[in-house]
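Residues per chain are reported as follows:
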Amino acid sequence: MVQRRLVCTVCLEADLDIEKCKWSNPLKQDEGYAPPVKKRTQSHAAASGAYGAWKSNGWVLHCPKGHLLPPESDEREMLIMGLFGESAAGKTAFLKAMVRQLDIEGALEDLGIFGRLAPAFKQTYKDEYLNNNEPTHPVYDAPRKPVIMELTIEGREINLLIFDSSGEEGETDSKAHEQWKFAPVADALLFFAPPATLGDLPESVRQRGGNATQTPEGTRNKFQEVLTVAESNDRSDSPRRKGVLPIFVLSKADQLAHATGFPEGLLSSRRHSGRTVRDIMGDINRETPQLLDFVRMGGGDSLLRKVLSFNGIGRCMTVSGTGTDDGSTGSGSSVRTGASDRCLDALLMVLWERGFLRVVAR
Ligand SMILES: Nc1nc2c(ncn2[C@@H]2O[C@H](COP(=O)(O)OP(=O)(O)OP(=O)(O)O)[C@@H](O)[C@H]2O)c(=O)[nH]1
Ligand SMILES: [Mg+2]
Ligand SMILES: [Zn+2]
């Protein structure tokens with residue numbers, strides 16, 4: 001059973017009670033509460049008619065404090081992913097790869113999963129992510145806004161909110177709590193660890209790319225800071241915490257091509273087309289022990305254990321080819337190797353855990 005969640009992207013405090021949310025109509029400069037035409041238990045179809053007409057007249061849902069909620073929040077499920085890791089670990093590149101795979105490549109369509117940037121959010125995405133001014137360096141200490149994607153799986157609609165943190169954030173406890181307000185409400189926490197964070201790998205491998213600034217200690221501290229924030233006001237056995245999926249992401253894995261012991265298969269495309277959810281989940285599960293062995297051999301055991309310490313659950317995955325850091329400038333100056341479509345493993349894992357894929361996996 002999937003629990004419907006409603007979180008305001010500005011307050012990020014707790015699950016909101018939809019009955020307490022405000023409807024307002026910017027076109028009519030009017031404010032009020034939902035008319036009693038739709039019961040909470042009604043399905044989307046049953047809710048059409050007066051309710052639908054009323055909404056198409058411009059009434060939109062706001063949180064009790066008046067912040068605009070993500071599109072169609074009264075109808076859709078909500079999933080929240082948070083990306084964490086040191087600077088230049090590949091988080092923003094991962095997010096862009098996800099958007100590209102879902103929205104442009106339609107990579108999961110054969111699996112019955114359709115995704116696109118929320119139309120109202122497209123311009124913001126272009127400005128903030130596709131132009132050069134990536135929001136990698138926060139100018140203000142204001143909490144980050146998510147990238148909002150809409151997913152459809154067999155008629156079920158989901159607002160996917162992805163919060164892309166910056167490695168510069170979380171300097172102090174108090175800053176971390178302010179900047180990562182989304183962490184305690186996230187469904188999935190992604191912990192990014194590029195090869196430089198694996199201290200037992202040969203220096204030549206860790207430094208591939210030339211300017212790898214991450215360290216095992218820096219990343220371990222970052223992970224700990226994230227856990228501290230994500231755990232706040234939640235007991236370790238609380239149902240919410242148990243439902244979270246922490247994911248260890250070995251990023252920039254193309255740097256590991258030819259590294260001793262690295263399973264090269266992890267650099268091959270996930271090839272979603274023409275396959276089923278079960279095929280893909282099977283592949284992911286088969287690869288997991290190989291990946292864990294390599295990370296442990298490379299000295300990443302304490303990072304893995306940190307990720308696992310959140311609730312005892314944990315997944316791991318690898319992504320590569322979402323960017324290049326070989327020091328060359330300009331796009332197209334180097335050949336990208338790797339499997340950027342593996343960025344979707346995280347989404348599949350979360351959807352699977354949350355029971356969204358049962359219908360398409362039959
Ligand atoms: N080799 C390689 N380089 C990558 C990969 N993904 C990203 N990069 C490069 O790594 C650098 C940093 O990537 P970002 O995605 O901006 O890193 P980030 O984690 O968002 O960093 P902050 O926002 O500063 O915290 C860029 O030069 C990317 O092109 C990858 O899969 N392989
Ligand atoms: Mg970034
Ligand atoms: Zn709010």
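Keep in mind that what you see is a predicted model, and the values were worked out from it rather than measured. (Residues numbered from 1 in each chain as written. Chains lettered and ligands numbered in written order. Predicted model: local features only at pLDDT ≥ 70, side-chain atom pairs only at ≥ 80, totals over all residues.)

### Some remarks on the overall build of the protein chain
Consideration 1: In terms of helices and strands, the protein chain carries 12 helices and 10 strands.
Consideration 2: Looking at the 362 residues of the protein chain, the share that counts as buried comes to 41%.
Consideration 3: Sequence-distant contacts, at least 24 apart, represent 76% of the contacts inside the protein chain between residues at least 6 apart. (Helix = DSSP H or I, 4+ residues; strand = E, 2+ residues; numbered from the N terminus. Buried ≥ 20, exposed ≤ 12 C-beta atoms within 10 Å, placed from the backbone. Contact = placed C-beta atoms within 7 Å.)

### Brief notes about the environment of Ile113
Consideration 1: Position of Ile113 relative to the elements: it lies in strand E5 (residues 113–117).
Consideration 2: Exposure remark for Ile113: the 24 C-beta atoms within 10 Å place this residue in the buried category.
Consideration 3: Sequence-wise, Ile113 and Glu154 are 41 residues apart; in three dimensions their C-alpha atoms are separated by 7.6 Å.
Consideration 4: Leaving out residues up to four positions away in the same chain, Ile113 has contacts with Leu108, Leu151 and Ile153.

### What to know about the nonpolar core
Consideration 1: Membership of the largest hydrophobic core comes to 86 residues, with the highest contact counts inside it found for Ala186, Ala188, Leu189, Leu190, Phe191, Ile247 and Val249.
Consideration 2: The element that contributes the greatest number of residues to this core is helix H3 (residues 91–104), accounting for seven residues.
Consideration 3: Split by domain, this core shows at least three residues from each of two domains, domain 1 (1–75) and domain 2 (77–361).
Consideration 4: Among residues more than four places away in sequence, those in contact with Ile247 are Ala188, Leu190, Phe191, Arg315, Cys316, Met317, Ala346 and Met349. (Core = buried A, V, L, I, M, F, W, Y, C linked by C-beta atoms within 7 Å. Domains from an automatic or database assignment.)

### A word on the packing of helix H7 (residues 216–231) against helix H10 (residues 301–308)
In a pair of packed helices, the angle between the axes and the distance between the axes together describe the arrangement.
Consideration 1: In the contact formed by H7 and H10, the axes pass within 10 Å of each other and the chain directions differ by 5°. Regarding the angle of H7 to H10, the classification is roughly parallel. Between H7 and H10, the residues in contact are Thr219, Arg220, Phe223, Gln224 and Leu227 and Ser302, Leu303, Lys306 and Val307, respectively.
Consideration 2: The residue inventory of the contact of H7 with H10, partitioned by class, reads four nonpolar, three polar and two charged. (Axes fitted to C-alpha atoms, helices over the stretch in contact; angles between N-to-C directions. Parallel < 35°, antiparallel > 145°, perpendicular 65-115°, else oblique. Nonpolar A, V, L, I, M, F, W, Y, C, P; charged D, E, K, R; others polar.)

### Topic: the pairing of strand E4 (residues 77–84)
Consideration 1: In terms of burial, E4 is a largely internal element, seven of the eight residues being buried.
Consideration 2: Pairing of E4 with strand E7 (residues 156–164), which is carried by seven bridges, proceeds in the parallel orientation. Bridge pairing in E7 places Gly82 opposite Phe163.
Consideration 3: Across four bridges, E4 lies against strand E8 (residues 188–193) in parallel orientation. (Pairing = 2+ DSSP bridges.)

### Here we look at the confidence of the model for the protein chain
Consideration 1: Looking at the protein chain, pLDDT values average 87 and 87% of them are 70 or higher.
Consideration 2: Contacts of residues 329–335 to residues separated by more than four positions or lying in other chains number four contacts, the stretch itself having pLDDT below 50. (pLDDT = per-residue confidence, 0-100.)

### What about the sheet that holds strand E9 (residues 245–250)?
Strands pair in a sheet through their backbones, by hydrogen bonds, and they do so in one of two ways: parallel or antiparallel.
Consideration 1: With respect to topology, seven strands assemble into an open sheet ordered E5-E6-E7-E4-E8-E9-E10, the strand pairing being mixed. The outermost strands of the open sheet, each flanked by one partner alone, are E5 and strand E10 (315–318). Averaged over all pairs of adjacent strands, the angle between strand axes in this sheet comes to 25°, irrespective of strand direction.
Consideration 2: For strand E6 (residues 147–153) and E7, the ladder comprises seven bridges, and the chain directions are antiparallel. Within E7, the position partnered with Ile148 by the bridge is Leu161.
Consideration 3: Those strands touched by H3 are E4, E5, E6, E7 and E8, and its axis lies near 120° from that of E5.
Consideration 4: Against the sheet, helix H9 (residues 277–297) engages E9 and E10, with an angle of about 85° to E10.

### Notes on H9
Consideration 1: In this model H9 runs 30 Å from its N-terminal to its C-terminal C-alpha over 21 residues, within 8% of the 30 Å that 1.5 Å per residue would give.
Consideration 2: The largest bend in H9 amounts to roughly 35° and is located at Thr288, with the proline Pro289 lying one to four residues further along.
Consideration 3: Within H9 the residues assigned to the buried category are Val277, Ile280, Leu291, Phe294 and Val295.
Consideration 4: Elements in contact with the buried residues of H9: E9, H10, E10, helix H11 (344–353) and helix H12 (358–361). (Expected span 1.5 Å × (residues − 1). Bend = angle between axes of the 7 residues up to and from the residue.)

### Focus on H11
Consideration 1: Among the 10 residues in H11, seven count as buried, and that is most of the element.
Consideration 2: Taken residue by residue, H11 has Leu344, Asp345, Ala346, Leu347, Leu348, Val350 and Leu351 as its buried positions.
Consideration 3: At its buried positions, H11 is contacted by E4, H3, E8, E9, H9 and E10.

### Overview of the environment of Gly323
Consideration 1: By the element assignment, Gly323 lies in the loop between E10 and H11.
Consideration 2: We classify Gly323 as partly exposed; it has 19 C-beta atoms within 10 Å.
Consideration 3: Separated by 14 residues in the primary sequence, Gly323 and Thr337 place their C-alpha atoms 9.3 Å from one another.
Consideration 4: Excluding residues within four positions of it along the chain, Gly323 makes contact with Gly90 and Ala93.

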